[in-house]
Amino acid sequence: MNRYLLPLSVLGTAVGGAVLLRDYVAGGACPSKATIPGKTVIVTGANTGIGKQTAMELARRGGNVILACRDMEKCEAAAKDIRGETLNHRVRARHLDLASLKSIREFAAKITEEEKQVHVLVNNAAVMRCPHWTTEDGFEMQFGVNYLGHFLLTNLLLDRLKASAPSRIINLSSLAHIAGHIDFDDLNWEKRKYDTRAAYCQSKLAIILFTKELSRRLQGTGVMVNAVHPGVARTELGRHTGMHSSAFSSFTLGPVFWLLVKSPELAAQPSTYLAVAEELEGVSGKYFDGLKEKAPAPEAENEEIAQRLWAESARLVGLEMPRASSVRKEPLPK
Ligand SMILES: NC(=O)c1ccc[n+]([C@@H]2O[C@H](COP(=O)([O-])OP(=O)(O)OC[C@H]3O[C@@H](n4cnc5c(N)ncnc54)[C@H](OP(=O)(O)O)[C@@H]3O)[C@@H](O)[C@H]2O)c1
(Lines give C-alpha, C1' and ligand atoms only; values in the text may rest on other atoms or scores of the structure.)
Protein backbone atom coordinates (compact mmCIF):
# COMPACT_ATOMS: atom_id res chain seq x y z
CA MET A 1 0.00 0.00 0.00
CA ASN A 2 2.82 2.34 1.00
CA ARG A 3 4.52 2.06 -2.39
CA TYR A 4 1.42 3.62 -4.04
CA LEU A 5 1.37 6.54 -1.65
CA LEU A 6 4.11 8.62 -3.29
CA PRO A 7 2.97 8.22 -6.93
CA LEU A 8 -0.64 8.89 -5.88
CA SER A 9 0.26 12.06 -4.01
CA VAL A 10 2.43 13.25 -6.96
CA LEU A 11 -0.49 12.59 -9.30
CA GLY A 12 -2.90 14.37 -6.96
CA THR A 13 -0.60 17.39 -6.75
CA ALA A 14 -0.18 17.47 -10.54
CA VAL A 15 -3.94 17.31 -11.17
CA GLY A 16 -4.64 19.90 -8.47
CA GLY A 17 -1.93 22.16 -9.90
CA ALA A 18 -3.33 21.77 -13.43
CA VAL A 19 -6.84 22.68 -12.27
CA LEU A 20 -5.52 25.71 -10.37
CA LEU A 21 -3.46 26.81 -13.40
CA ARG A 22 -6.50 26.36 -15.63
CA ASP A 23 -8.67 28.51 -13.36
CA TYR A 24 -5.92 31.13 -13.21
CA VAL A 25 -5.48 31.22 -16.99
CA ALA A 26 -9.22 31.22 -17.67
CA GLY A 27 -9.91 34.14 -15.36
CA GLY A 28 -13.12 34.20 -13.44
CA ALA A 29 -16.74 35.07 -13.91
CA CYS A 30 -17.82 38.71 -14.15
CA PRO A 31 -17.58 39.98 -10.56
CA SER A 32 -20.46 42.42 -11.07
CA LYS A 33 -24.04 41.36 -10.43
CA ALA A 34 -25.41 44.54 -12.06
CA THR A 35 -28.52 44.21 -14.20
CA ILE A 36 -29.43 46.39 -17.17
CA PRO A 37 -33.23 46.34 -17.49
CA GLY A 38 -34.46 48.51 -20.35
CA LYS A 39 -30.97 49.24 -21.68
CA THR A 40 -30.40 48.76 -25.39
CA VAL A 41 -27.35 46.74 -26.33
CA ILE A 42 -25.88 45.94 -29.76
CA VAL A 43 -23.43 43.03 -30.15
CA THR A 44 -21.75 42.51 -33.53
CA GLY A 45 -20.94 38.96 -34.63
CA ALA A 46 -23.38 37.59 -32.06
CA ASN A 47 -24.47 34.41 -33.82
CA THR A 48 -21.64 32.31 -32.37
CA GLY A 49 -18.63 32.24 -30.03
CA ILE A 50 -17.89 35.02 -27.58
CA GLY A 51 -20.41 37.39 -29.20
CA LYS A 52 -23.31 34.99 -28.73
CA GLN A 53 -22.38 34.33 -25.11
CA THR A 54 -21.98 38.08 -24.44
CA ALA A 55 -25.44 38.68 -25.91
CA MET A 56 -26.77 35.78 -23.77
CA GLU A 57 -25.26 37.24 -20.60
CA LEU A 58 -26.56 40.75 -21.32
CA ALA A 59 -30.03 39.37 -22.13
CA ARG A 60 -29.95 37.44 -18.85
CA ARG A 61 -29.30 40.76 -17.12
CA GLY A 62 -32.44 42.28 -18.67
CA GLY A 63 -31.09 44.20 -21.69
CA ASN A 64 -32.90 44.83 -24.98
CA VAL A 65 -30.35 42.98 -27.06
CA ILE A 66 -29.80 43.44 -30.79
CA LEU A 67 -27.69 40.77 -32.49
CA ALA A 68 -25.91 42.29 -35.51
CA CYS A 69 -24.83 39.55 -37.90
CA ARG A 70 -24.15 39.00 -41.58
CA ASP A 71 -26.01 35.67 -41.90
CA MET A 72 -29.67 36.18 -40.96
CA GLU A 73 -30.42 32.48 -40.66
CA LYS A 74 -27.68 32.03 -38.05
CA CYS A 75 -28.65 35.35 -36.44
CA GLU A 76 -32.34 34.39 -36.04
CA ALA A 77 -31.32 30.96 -34.70
CA ALA A 78 -29.01 32.56 -32.09
CA ALA A 79 -31.69 35.08 -31.09
CA LYS A 80 -34.17 32.21 -30.64
CA ASP A 81 -31.65 30.26 -28.50
CA ILE A 82 -31.00 33.31 -26.34
CA ARG A 83 -34.70 34.07 -25.89
CA GLY A 84 -35.33 30.42 -24.94
CA GLU A 85 -32.39 30.23 -22.56
CA THR A 86 -32.87 33.57 -20.78
CA LEU A 87 -36.67 33.95 -21.10
CA ASN A 88 -35.95 37.53 -22.20
CA HIS A 89 -38.06 38.19 -25.27
CA ARG A 90 -36.42 41.50 -26.09
CA VAL A 91 -33.71 39.87 -28.19
CA ARG A 92 -33.74 40.75 -31.91
CA ALA A 93 -31.76 39.84 -35.01
CA ARG A 94 -30.59 42.53 -37.46
CA HIS A 95 -28.50 42.34 -40.59
CA LEU A 96 -24.97 43.80 -40.54
CA ASP A 97 -22.13 42.84 -42.86
CA LEU A 98 -19.00 44.61 -41.67
CA ALA A 99 -17.32 43.81 -44.98
CA SER A 100 -19.63 46.30 -46.70
CA LEU A 101 -19.76 50.05 -46.01
CA LYS A 102 -23.23 50.09 -47.58
CA SER A 103 -24.47 47.43 -45.16
CA ILE A 104 -22.96 49.29 -42.18
CA ARG A 105 -24.68 52.52 -43.23
CA GLU A 106 -28.01 50.70 -43.73
CA PHE A 107 -27.73 49.02 -40.33
CA ALA A 108 -26.90 52.33 -38.59
CA ALA A 109 -29.79 54.08 -40.36
CA LYS A 110 -32.22 51.34 -39.25
CA ILE A 111 -31.01 51.49 -35.66
CA THR A 112 -31.26 55.28 -35.64
CA GLU A 113 -34.80 55.00 -36.99
CA GLU A 114 -35.93 52.25 -34.60
CA GLU A 115 -34.08 53.02 -31.36
CA LYS A 116 -34.21 56.24 -29.40
CA GLN A 117 -31.28 55.05 -27.29
CA VAL A 118 -28.24 52.81 -27.53
CA HIS A 119 -26.56 52.26 -24.17
CA VAL A 120 -23.99 49.60 -25.03
CA LEU A 121 -22.20 48.79 -28.28
CA VAL A 122 -20.01 45.67 -28.26
CA ASN A 123 -17.76 45.64 -31.34
CA ASN A 124 -17.07 41.92 -31.21
CA ALA A 125 -17.13 40.49 -34.75
CA ALA A 126 -13.86 39.48 -36.39
CA VAL A 127 -12.24 37.30 -38.96
CA MET A 128 -8.83 35.79 -38.24
CA ARG A 129 -6.07 34.74 -40.62
CA CYS A 130 -8.28 34.37 -43.66
CA PRO A 131 -6.76 34.16 -47.15
CA HIS A 132 -5.95 37.42 -48.95
CA TRP A 133 -9.57 38.47 -49.36
CA THR A 134 -10.93 41.97 -49.76
CA THR A 135 -14.17 43.54 -48.58
CA GLU A 136 -16.87 44.82 -50.93
CA ASP A 137 -15.10 48.20 -50.88
CA GLY A 138 -11.66 46.78 -51.57
CA PHE A 139 -10.14 46.80 -48.09
CA GLU A 140 -8.00 43.90 -46.88
CA MET A 141 -10.57 41.70 -45.09
CA GLN A 142 -9.15 41.62 -41.54
CA PHE A 143 -8.40 45.37 -41.47
CA GLY A 144 -11.77 46.05 -43.12
CA VAL A 145 -14.00 43.91 -40.88
CA ASN A 146 -12.19 43.88 -37.53
CA TYR A 147 -11.26 47.55 -37.51
CA LEU A 148 -12.55 49.83 -40.30
CA GLY A 149 -16.09 48.42 -40.24
CA HIS A 150 -16.34 48.97 -36.49
CA PHE A 151 -14.74 52.42 -36.85
CA LEU A 152 -17.53 53.49 -39.22
CA LEU A 153 -20.31 51.74 -37.30
CA THR A 154 -19.31 53.37 -34.01
CA ASN A 155 -19.08 56.82 -35.54
CA LEU A 156 -22.51 56.44 -37.14
CA LEU A 157 -24.05 55.42 -33.79
CA LEU A 158 -22.31 58.09 -31.70
CA ASP A 159 -25.32 60.45 -31.58
CA ARG A 160 -27.48 57.68 -30.12
CA LEU A 161 -24.74 56.68 -27.64
CA LYS A 162 -24.29 60.30 -26.55
CA ALA A 163 -28.05 60.74 -26.14
CA SER A 164 -28.09 57.63 -23.90
CA ALA A 165 -25.16 58.61 -21.66
CA PRO A 166 -23.83 57.15 -19.47
CA SER A 167 -23.19 54.64 -22.24
CA ARG A 168 -20.40 52.27 -23.17
CA ILE A 169 -18.50 50.98 -26.19
CA ILE A 170 -16.50 47.76 -25.86
CA ASN A 171 -13.95 46.94 -28.56
CA LEU A 172 -12.75 43.35 -28.79
CA SER A 173 -9.01 43.37 -29.36
CA SER A 174 -6.52 40.58 -28.70
CA LEU A 175 -3.20 39.93 -27.03
CA ALA A 176 -2.04 39.46 -30.64
CA HIS A 177 -1.98 43.27 -30.98
CA ILE A 178 1.47 43.12 -29.37
CA ALA A 179 2.88 41.70 -32.62
CA GLY A 180 1.01 44.29 -34.68
CA HIS A 181 2.31 47.35 -36.48
CA ILE A 182 0.44 50.09 -38.37
CA ASP A 183 2.07 50.48 -41.77
CA PHE A 184 0.68 53.76 -43.11
CA ASP A 185 2.44 53.17 -46.45
CA ASP A 186 0.47 50.01 -47.01
CA LEU A 187 -2.52 49.70 -44.65
CA ASN A 188 -4.30 47.53 -47.19
CA TRP A 189 -1.49 45.11 -48.04
CA GLU A 190 -1.24 46.23 -51.67
CA LYS A 191 2.54 46.57 -51.77
CA ARG A 192 3.83 43.97 -49.30
CA LYS A 193 3.62 40.19 -49.62
CA TYR A 194 0.43 39.30 -47.76
CA ASP A 195 0.99 37.96 -44.26
CA THR A 196 -2.35 36.80 -42.86
CA ARG A 197 -1.05 36.61 -39.27
CA ALA A 198 0.46 40.14 -39.35
CA ALA A 199 -2.76 41.47 -40.91
CA TYR A 200 -4.79 40.12 -37.96
CA CYS A 201 -2.31 41.64 -35.48
CA GLN A 202 -2.48 45.01 -37.28
CA SER A 203 -6.28 45.00 -37.12
CA LYS A 204 -6.25 44.27 -33.38
CA LEU A 205 -3.66 47.00 -32.72
CA ALA A 206 -5.74 49.43 -34.80
CA ILE A 207 -8.80 48.85 -32.63
CA ILE A 208 -6.87 49.76 -29.46
CA LEU A 209 -5.52 52.95 -31.10
CA PHE A 210 -9.14 53.73 -32.11
CA THR A 211 -10.29 53.10 -28.52
CA LYS A 212 -7.71 55.56 -27.15
CA GLU A 213 -8.40 58.29 -29.72
CA LEU A 214 -12.19 57.92 -29.44
CA SER A 215 -11.97 58.16 -25.66
CA ARG A 216 -10.03 61.44 -25.97
CA ARG A 217 -12.66 62.78 -28.39
CA LEU A 218 -15.53 61.69 -26.12
CA GLN A 219 -14.26 63.34 -22.95
CA GLY A 220 -17.14 64.97 -21.07
CA THR A 221 -19.86 63.23 -23.09
CA GLY A 222 -20.51 60.36 -20.66
CA VAL A 223 -19.73 57.78 -23.38
CA MET A 224 -16.99 55.41 -22.27
CA VAL A 225 -14.93 53.23 -24.58
CA ASN A 226 -12.54 50.42 -23.63
CA ALA A 227 -10.72 47.61 -25.42
CA VAL A 228 -10.39 44.05 -24.19
CA HIS A 229 -8.51 40.81 -24.83
CA PRO A 230 -11.09 38.17 -23.85
CA GLY A 231 -8.55 35.36 -23.40
CA VAL A 232 -8.00 32.40 -25.66
CA ALA A 233 -11.29 30.63 -26.24
CA ARG A 234 -12.70 27.58 -27.99
CA THR A 235 -14.69 29.27 -30.80
CA GLU A 236 -14.90 29.31 -34.59
CA LEU A 237 -12.22 32.00 -34.84
CA GLY A 238 -9.63 29.46 -36.00
CA ARG A 239 -11.79 28.37 -38.94
CA HIS A 240 -9.24 29.64 -41.50
CA THR A 241 -6.21 28.16 -39.74
CA GLY A 242 -7.41 24.55 -40.18
CA MET A 243 -6.29 23.73 -36.62
CA HIS A 244 -9.67 23.07 -35.11
CA SER A 245 -10.65 20.62 -37.84
CA SER A 246 -7.47 18.55 -37.67
CA ALA A 247 -7.82 15.28 -35.73
CA PHE A 248 -4.04 15.23 -35.19
CA SER A 249 -3.94 18.66 -33.57
CA SER A 250 -7.05 17.89 -31.50
CA PHE A 251 -5.38 14.73 -30.19
CA THR A 252 -1.88 16.08 -29.59
CA LEU A 253 -2.88 19.55 -28.41
CA GLY A 254 -6.04 18.41 -26.59
CA PRO A 255 -4.53 18.45 -23.07
CA VAL A 256 -2.81 21.82 -23.69
CA PHE A 257 -6.09 23.22 -24.98
CA TRP A 258 -7.95 21.89 -21.94
CA LEU A 259 -5.42 23.71 -19.75
CA LEU A 260 -5.16 27.00 -21.58
CA VAL A 261 -8.32 27.53 -23.60
CA LYS A 262 -11.54 28.98 -22.16
CA SER A 263 -15.13 28.16 -22.95
CA PRO A 264 -16.94 30.90 -24.93
CA GLU A 265 -19.08 31.47 -21.81
CA LEU A 266 -16.01 32.34 -19.74
CA ALA A 267 -14.48 34.39 -22.55
CA ALA A 268 -17.67 36.49 -22.63
CA GLN A 269 -17.18 37.56 -19.00
CA PRO A 270 -14.71 40.42 -19.67
CA SER A 271 -17.01 42.05 -22.29
CA THR A 272 -19.95 41.61 -19.91
CA TYR A 273 -17.97 43.17 -17.07
CA LEU A 274 -17.01 46.19 -19.20
CA ALA A 275 -20.64 46.57 -20.30
CA VAL A 276 -22.35 46.43 -16.89
CA ALA A 277 -20.03 46.95 -13.92
CA GLU A 278 -21.02 50.01 -11.91
CA GLU A 279 -17.50 50.30 -10.50
CA LEU A 280 -16.21 50.95 -14.05
CA GLU A 281 -18.33 54.08 -14.51
CA GLY A 282 -15.98 56.81 -15.74
CA VAL A 283 -13.26 54.35 -16.83
CA SER A 284 -12.45 55.02 -20.49
CA GLY A 285 -9.62 54.65 -23.01
CA LYS A 286 -8.23 51.59 -21.25
CA TYR A 287 -7.09 48.14 -22.37
CA PHE A 288 -8.21 45.13 -20.33
CA ASP A 289 -6.60 41.70 -20.37
CA GLY A 290 -9.57 39.63 -19.24
CA LEU A 291 -11.01 41.35 -16.18
CA LYS A 292 -7.87 43.35 -15.38
CA GLU A 293 -6.73 46.66 -16.77
CA LYS A 294 -3.25 46.46 -18.29
CA ALA A 295 -0.91 48.56 -20.37
CA PRO A 296 -1.09 47.56 -24.04
CA ALA A 297 1.95 47.44 -26.36
CA PRO A 298 3.83 50.79 -26.66
CA GLU A 299 2.61 51.41 -30.23
CA ALA A 300 -0.99 51.24 -28.96
CA GLU A 301 -0.24 54.16 -26.59
CA ASN A 302 1.18 56.42 -29.32
CA GLU A 303 -1.14 59.42 -29.65
CA GLU A 304 0.35 60.62 -32.91
CA ILE A 305 -0.20 57.23 -34.56
CA ALA A 306 -3.77 57.14 -33.17
CA GLN A 307 -4.59 60.58 -34.62
CA ARG A 308 -3.07 59.72 -37.98
CA LEU A 309 -4.94 56.41 -38.10
CA TRP A 310 -8.21 58.20 -37.28
CA ALA A 311 -7.73 60.71 -40.11
CA GLU A 312 -6.78 57.98 -42.58
CA SER A 313 -9.71 55.75 -41.52
CA ALA A 314 -12.21 58.62 -41.83
CA ARG A 315 -10.93 59.24 -45.35
CA LEU A 316 -11.11 55.53 -46.28
CA VAL A 317 -14.69 55.03 -45.08
CA GLY A 318 -15.87 58.44 -46.32
CA LEU A 319 -16.84 59.61 -42.85
CA GLU A 320 -16.69 63.31 -43.74
CA MET A 321 -18.79 62.61 -46.82
CA PRO A 322 -21.94 60.97 -45.47
CA ARG A 323 -23.46 60.37 -48.89
CA ALA A 324 -20.48 58.43 -50.26
CA SER A 325 -21.30 54.73 -49.89
CA SER A 326 -17.75 53.65 -50.65
CA VAL A 327 -14.40 55.20 -51.32
CA ARG A 328 -13.05 52.81 -53.89
CA LYS A 329 -14.66 51.99 -57.17
CA GLU A 330 -12.47 48.98 -57.95
CA PRO A 331 -11.53 46.17 -55.53
CA LEU A 332 -7.84 46.02 -54.70
CA PRO A 333 -5.82 43.40 -56.56
CA LYS A 334 -5.43 40.24 -54.47
N1 LIG B 1 -11.41 33.12 -29.49
C2 LIG B 1 -10.26 33.62 -29.06
O3 LIG B 1 -9.38 32.89 -28.58
C4 LIG B 1 -10.01 35.11 -29.10
C5 LIG B 1 -8.78 35.59 -28.58
C6 LIG B 1 -8.55 36.96 -28.63
C7 LIG B 1 -9.49 37.81 -29.17
N8 LIG B 1 -10.67 37.30 -29.66
C9 LIG B 1 -11.63 38.25 -30.25
O10 LIG B 1 -12.93 37.99 -29.73
C11 LIG B 1 -13.92 38.34 -30.72
C12 LIG B 1 -14.92 37.20 -30.90
O13 LIG B 1 -14.22 36.11 -31.45
P14 LIG B 1 -14.73 34.61 -31.40
O15 LIG B 1 -13.59 33.81 -30.88
O16 LIG B 1 -16.05 34.51 -30.78
O17 LIG B 1 -14.82 34.30 -32.98
P18 LIG B 1 -15.92 33.49 -33.87
O19 LIG B 1 -16.48 32.36 -33.10
O20 LIG B 1 -15.21 33.21 -35.15
O21 LIG B 1 -17.04 34.60 -34.10
C22 LIG B 1 -16.78 35.70 -34.91
C23 LIG B 1 -18.09 36.39 -35.26
O24 LIG B 1 -17.79 37.47 -36.15
C25 LIG B 1 -18.69 37.39 -37.24
N26 LIG B 1 -18.20 38.02 -38.46
C27 LIG B 1 -17.13 37.70 -39.23
N28 LIG B 1 -17.10 38.47 -40.32
C29 LIG B 1 -18.16 39.32 -40.25
C30 LIG B 1 -18.68 40.32 -41.08
N31 LIG B 1 -18.13 40.61 -42.27
N32 LIG B 1 -19.80 40.99 -40.70
C33 LIG B 1 -20.41 40.69 -39.53
N34 LIG B 1 -19.97 39.72 -38.71
C35 LIG B 1 -18.86 39.04 -39.07
C36 LIG B 1 -18.90 35.91 -37.44
O37 LIG B 1 -20.05 35.67 -38.25
P38 LIG B 1 -20.18 34.30 -39.14
O39 LIG B 1 -20.43 33.19 -38.17
O40 LIG B 1 -21.30 34.59 -40.07
O41 LIG B 1 -18.85 34.15 -39.82
C42 LIG B 1 -19.07 35.48 -35.99
O43 LIG B 1 -20.38 35.77 -35.56
C44 LIG B 1 -13.14 38.69 -31.99
O45 LIG B 1 -13.02 40.09 -32.07
C46 LIG B 1 -11.78 38.08 -31.76
O47 LIG B 1 -10.75 38.74 -32.46
C48 LIG B 1 -10.94 35.98 -29.64
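Predicted model only: the values in this text are computed from it and were never measured. Here the residue numbering is sequential within each chain, running from 1 through the sequence in written order. Only residues with pLDDT of at least 70 are given local features in this predicted model, and only at 80 or more are side-chain atom pairs given and counted; all residues enter the totals for whole chains, interfaces and linings.

Some points on the overall build of the chain
Reasoning step 1: Strands here mean DSSP runs of E at least two residues long; helices mean DSSP runs of H or I at least four residues long; both are numbered from the N terminus. Helix and strand content of the chain: 10 helices and eight strands.
Reasoning step 2: Residue pairs are scored as contacts if the distance between their C-beta atoms, which are placed from the backbone, is within 7 Å. By sequence separation, contacts in the chain at least 24 residues apart represent 78% of the contacts at least 6 residues apart.

Re the nonpolar core
Reasoning step 1: Core membership is restricted to buried Ala, Val, Leu, Ile, Met, Phe, Trp, Tyr and Cys residues, and these are joined into a nonpolar core through C-beta atoms within 7 Å. Neighbour counting defines burial: a residue surrounded by 20 or more other C-beta atoms within 10 Å of its own C-beta is buried, one with 12 or fewer is exposed, and intermediate counts give partly exposed, using backbone-placed C-beta atoms. Membership of the largest hydrophobic core comes to 81 residues, with the highest contact counts inside it found for V43, A55, V65, L67 and A68.
Reasoning step 2: Among the elements that take part in this core, helix α5 (residues 141-163) stands out by supplying 11 residues, more than any other.
Reasoning step 3: In contact with A55, other than residues within four places in its own chain, are V43, A46, V65, L67 and I82.

Some points on the site of the ligand
Reasoning step 1: In this analysis, residues qualify as near a molecule or strand once their C-beta atom, positioned from backbone atoms, comes within 6 Å of it. Taken together, 29 residues form the shell around the ligand, and within it G45, G49, A125, A126 and T235 come nearest.
Reasoning step 2: At three residues, the largest contribution of residues to the shell around the ligand is made by helix α2 (residues 49-60).
Reasoning step 3: Charged means Asp, Glu, Lys or Arg here, nonpolar means Ala, Val, Leu, Ile, Met, Phe, Trp, Tyr, Cys or Pro, and polar covers whatever is left, Gly included. For the shell around the ligand, a count of residues per class yields 14 nonpolar, 10 polar and five charged.

Focus: the packing of α2 against helix α3 (residues 72-86)
Reasoning step 1: Axis definition: a line fit to C-alpha positions, over the contact stretch in the case of helices; interaxial angles, taken between N-to-C directions, run 0 to 180 degrees. Put simply, α2 and α3 touch, their axes get as near as 10 Å, and they point 35° apart. For the pair α2 and α3, the crossing hand works out as right-handed. Across from K52, A55, M56, A59 and R60 in α2, the residues of α3 making contact are A78, I82, E85 and T86.
Reasoning step 2: Along the lines of polarity and charge, the residues of the contact of α2 with α3 split into five nonpolar, one polar and three charged. Handedness of a crossing follows from how the near helix is turned relative to the far one, being left-handed for an anticlockwise turn of less than a right angle and right-handed for a clockwise one.

Describing the sheet that holds strand β5 (residues 167-172)
Reasoning step 1: Only when DSSP finds a minimum of two bridges between them are two strands counted as paired. Strands sit in the order β3-β2-β1-β4-β5-β6-β7-β8 across an open sheet of eight strands; the sheet is mixed. Each edge of the open sheet carries a strand with a single partner, namely β3 (91-95) and β8 (292-294). Averaged over all adjacent pairs, the angle separating strand axes in this sheet is 25°, with direction ignored.
Reasoning step 2: In this structure, strand β4 (residues 120-123) lies alongside β5, joined through four bridges in parallel fashion. The partner of L121 across the bridge, within β5, is I169.
Reasoning step 3: Strands β1 (40-44), β2 (64-69), β3 and β4 of the sheet are contacted by α2, whose axis makes an angle of about 170° with β1.
Reasoning step 4: Sheet strands in contact with helix α9 (residues 269-276) are β1, β4, β5, β6 (223-229) and β7 (287-289), and its direction is about 160° off that of β5.

Comments concerning unusual backbone geometry
Reasoning step 1: The linkage connecting A165 with the following residue, P166, adopts the cis geometry, with an omega of 5°.
Reasoning step 2: Within the fold, P166 resides in the loop between α5 and β5.
Reasoning step 3: Positive phi, close to 55°, is recorded for R129, a residue that is not glycine.
Reasoning step 4: Looking at where R129 falls in the secondary structure, it is placed in the loop between β4 and α5.
Reasoning step 5: Residue class for R129 comes out buried when judged on the 20 C-beta atoms lying within 10 Å of it.
Reasoning step 6: The residue W189 is not glycine, and still its phi comes out positive at about 55°.
Reasoning step 7: Within the secondary structure, W189 sits in the loop between β5 and α6 (196-217).
Reasoning step 8: A count of 23 C-beta atoms within 10 Å places W189 in the buried class.

Quick look at the pairing of β5
Reasoning step 1: For β5, a buried count of six out of six residues is recorded, marking the element as mostly surrounded by other parts of the structure.
Reasoning step 2: Here β5 shows no split at all, with S167, I169 and N171 on one side and R168, I170 and L172 on the other all buried.
Reasoning step 3: Regarding topology, α5 serves as the crossover connection from β4 to the parallel β5, and that connection is right-handed.
Reasoning step 4: Once you follow β5 into α6 and on to β6, the crossover reads as right-handed. Look down the strands so they point away from you; if the path from the first strand over the helix to the second goes clockwise, the crossover is right-handed.

Observations concerning the environment of G38
Reasoning step 1: Locating G38 in the fold gives a position in the loop between α1 (2-26) and β1.
Reasoning step 2: Separated by 52 residues in sequence, G38 and R90 place their C-alpha atoms 9.3 Å apart.

Some details on the pairing of β1
Reasoning step 1: The buried fraction of β1 is high, at five of five residues.
Reasoning step 2: Along β1, one buried face is formed by T40, I42 and T44 and the opposite face, lined by V41 and V43, is buried too.
Reasoning step 3: Across five bridges, β1 lies against β2 in parallel orientation. Note on β2: the bridge partner recorded for T44 is A68.
Reasoning step 4: Taken together, β1, α2 and β2 form a β-α-β motif whose crossover is right-handed.

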